[in-house]
Amino acid sequence: MDSIRQDDLFPELQNPPSLQLINDRCQIRTQAGYRIVSVAGLPWAQYAIGDRMSEAHAMVSLIEQGWADQKDVAHAFGYSVRTARRYQRRFETGGLAALGQPRGYPQGRPRLVAVRSRYIHRLKSEGHAQREIARRVGVTEKAVRKVLRRLGWKASAPTQAELSLESKAITDSPEPGTQLDPSARPASQESMGADPKLSALVPHPPPPTSQDTDPIDRRLDRLLARLGLLDDAPPLFGSCHAVPRAGVLLALSALIATGLFECAQKIYGSLGPAFFGLRTTLLTLVFMALWRIRRPEGLKEHSPWELGRVLGVDRAPEVKTLRRKLAALAAMSRAADLGRALAQQRVAQRGAALGFLYVDGHVRVYHGKHRLPKTHVARLRLSLPATSDYWVNDATGDPLFVVTAEANAGLVKMLPGVLQEIRTLVGSRQVTVVFDRGGFSPRLFQQILVAGFDLLTYRKGRVRRLPPRCFREHRTRIEGRTITYLLADQEVRLLKGKLRLRQVTRQKEDGHQTPILTSRRDLSAAQVAYRMFNRWRQENFFKYLGQEFALDALAEYAVVPDDPHREVPNPAWARVDIQLRQAQAQWDRLQAEYGLAALTNLEKQRRTMRGFKIAQGKLGQQIWEVGRQILQLRARRDKLPRRVPVQTVTSEPVIKLAPEIKHLTNLVKMVAYQAESDLVRAVAPHYRRVEDEGRTLLQAAFLSAADLEVTATELRVTLVLQSSPHRTRAIATLCEQLNAFNTVFPGSSLRLRYAIHAPS
């Protein structure tokens, strides 16, 4: 033991050169051209030396997971803390792909040249905050601070001559970041022809030009609007890289084809002097629907500057502004006229799809504090306060128009008025109206036939089952599919033989029979069944609009007075009717008890009826008393009216939800759905799974970022790659088709040219 030296007991320990400590838990080991990051002795990340993306991801992961702080990570990896923060910001905004950005200044981002630097200096001299300057210029606050530091900015204000020179230089020279040619103004829009898939596009008059040259600084146009000299800000675009959600511009061809902007201009005219006028407001609402921003309040979650780039303004309207515009449109009370004009436009474009029209009601449940009429909600199997809308859809399931029912009137009551609207739209054309059991009424059937329509509906009530020998297999080929049904075809009579209809009954494998009534005798039995069951397209439409477009969302909380003379069920009649039904149930129960006593009577004890009555005298007396009570209740009920004016039932004010804004937003969502459907049909030949994923494909494209490039006559939209090669090819083919339409951005003369980045 004495021979052991003290230095041998406590040798000097040093880490090998291949090991780099981050902190007491994390370390980096370099070996054979690779680096391994370990945490608590366990491998955390591995990457090849020189793989900057993986290295940056390892740095960000350590910081985000809390294993190490920015300073330790930056020191261990050989970077500055500022670089670590930059990697974090890139990963938050663009994900893993953003970490692979090459070194140097980002490509496509304009540098701050002398003109922009003078612009920043002037804004700061005028007293603007650095955040406001950064917003106007389109850079970060840090970039503004650097420019001011380089220019040696001081708080003293510049002279008037300097301001004049700077102002002139900025006005005469376009902003480098916009890449606009101020001397070349957009030419007037060329007329465009019709398209068999996307409806005909109509030319617009030459649009007004903007007084501004910088897309991110629209002060002159805002001043003109403030002075009452501008009704709507003309769109002004700048060349930008990777504009979020700019893919929605793909839908403009189909949106213009619906006639929304043209019809709204004829019906509403103008919203008065405003920077955000009628066209910009409607375009914002439709884009919101396609972006799945379901309510105006959802705009709070998105940058107004990013959305404004897509709309052609410096910033998109925010919640209060959009609410004011909707209130101004609602005050004109012309939503019904707009819906009628849009329906006429749709009929002119898609007349072939209007041979069968599907009519059904959709119930919007109300959960507020106001007292509204109740109606049965089929999906909940409850009666709740609600508002009923009746939609008319064509044979493909696309909506045609919508009508709001007064006090949740049923389909039997609403259908005649809906048929009058349909007759106004289609003229003398023979149309088959398809509806469900809610409209079953033989007297209504007579009215439908007299009005010149054919009908197709389910038969309601108890129907005698048909024997199996009446059914045989029917097969037909519709829309490229072969469909087989087990059907029985026969004639039936209703209203004591006054009404003769055709009944086609379908039998399923489990033996369930579904009778269908129709006045169409020229169709085969299989076609009748297919057209009737095709009504589920309308149900799917309601479900899709509810999930994707928030069809049931409350558009506003305002209420308006309702008709106080509107008739409602008489509560007094209902109370007496309940008592009468209870008395009848008691009568039936006592009679059954009396009959059972007679059946079990022993003749040895009571050989005669007289003896039996004496023995059951108490029960017999109860039966007579209940019988007299039934007669009295029936007489009382007959004296009461079944329906009375609503003002006699309640002392509260008779109100209903304000219908105008909700009707207008329904029309906007209808137009968005129509445009989406037209694009689905356009992309169908080039996308195999279009029935299952067609709308998902378009929704992803609408939310995609895109590069915007502006020339003298064109706005070029280049979308980023989609999630898979076959989706990219489908969108590329759609872009080629849309380019043939020469679509012009509403309110401008810029023709849209679509493309998608080529795979690298």
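All figures in this text were calculated on a predicted structure; none of them were measured in a lab.

**Q** Before we move on, could you go through the sheet that holds strand β21 (residues 714-719) and cite the residues and values that matter?
**A** If you trace the four strands from one edge of the open sheet to the other, you get β5-β20-β21-β22, paired in mixed fashion. One side of each edge strand has no neighbouring strand; the edge strands of this open sheet are β5 (240-243) and β22 (751-756). Taken over all neighbouring pairs, the strand axes of this sheet differ in orientation by 20° on average, direction set aside. For strand β20 (residues 706-710) and β21, the ladder comprises five bridges, and the chain directions are antiparallel. Counterpart to Glu-709 in the pairing with β21 is Arg-716. Against the sheet, helix α25 (residues 725-739) touches β21 and β22, its axis set at about 160° to β22.

**Q** I'd like a description of the packing of aromatic side chains, backed by residues and values.
**A** Aromatic ring pairs: the centre-centre distance and the angle between the two ring planes describe each pair. Scanning the model with the defined rule gives 14 aromatic pairs in all. With 5.0 Å between their ring centres and 85° between their planes, Phe-275 and Phe-276 make a pair best called edge-to-face. For the pair Phe-275 and Phe-276, one class covers both residues: buried. Aromatic side chains Phe-287 and Trp-291 sit 5.6 Å apart centroid to centroid with 55° between the ring planes, which places their arrangement in the tilted category. Of this pair, Phe-287 and Trp-291 both sit in helix α12 (residues 278-291), four residues apart, roughly one helical turn. In terms of burial, Phe-287 and Trp-291 fall into one category: buried. A network of ring pairs unites the aromatic residues Trp-391, Phe-541, Phe-542, Tyr-544, Phe-549 and Tyr-673 as a single cluster. Residue placement shows Arg-222 over the ring face of Phe-275; its charged tip is 4.1 Å from the ring centre.

**Q** If you had to explain helix α16 (residues 411-426) to someone new, which residues and values would you point to?
**A** Between its terminal C-alpha atoms α16 stretches 21 Å, which fits the 22 Å expected from 16 residues at 1.5 Å a residue. Those residues of α16 that are buried are in contact with α15 (335-349), β6 (356-365), β8 (382-393), β9 (399-404), β10 (432-434) and α17 (442-450). Looking at the residues trailing α16, positive phi occurs at Gly-427, about 75°.

**Q** Give a description of the sheet that holds strand β1 (residues 19-21) that names residues and reports values.
**A** By definition, the strands of a sheet pair up through backbone hydrogen bonds, in either a parallel or an antiparallel sense. Pairing is antiparallel in the open sheet, where four strands are placed in the order β1-β2-β3-β4. Of all the strands in the sheet, the pair left with one neighbour each is β1 and β4 (42-48). On average, each strand axis in the sheet is inclined to that of its neighbour by 20°, with strand direction left out of account. Alignment of strand β3 (residues 34-39) against β4, held across six bridges, turns out to be antiparallel. Along β4, the bridge assignment pairs Ile-36 with Gln-46.

About the thresholds
- Residues numbered from 1 in each chain as written.
- Predicted model: local features only at pLDDT ≥ 70, side-chain atom pairs only at ≥ 80, totals over all residues.
- Heavy atoms only, no water.
- Pairing = 2+ DSSP bridges.
- Helix = DSSP H or I, 4+ residues; strand = E, 2+ residues; numbered from the N terminus.
- Axes fitted to C-alpha atoms, helices over the stretch in contact; angles between N-to-C directions.
- Contact = heavy atoms within 4.5 Å.
- Phe/Tyr/Trp six-rings, centres within 6.5 Å; stacked < 30°, edge-to-face > 60°.
- Buried < 20%, exposed > 50% of the residue type's maximum accessible area, 1.4 Å probe, protein only.
- Lys NZ or Arg CZ within 6 Å of the ring centre and 35° of its normal.
- Expected span 1.5 Å × (residues − 1).

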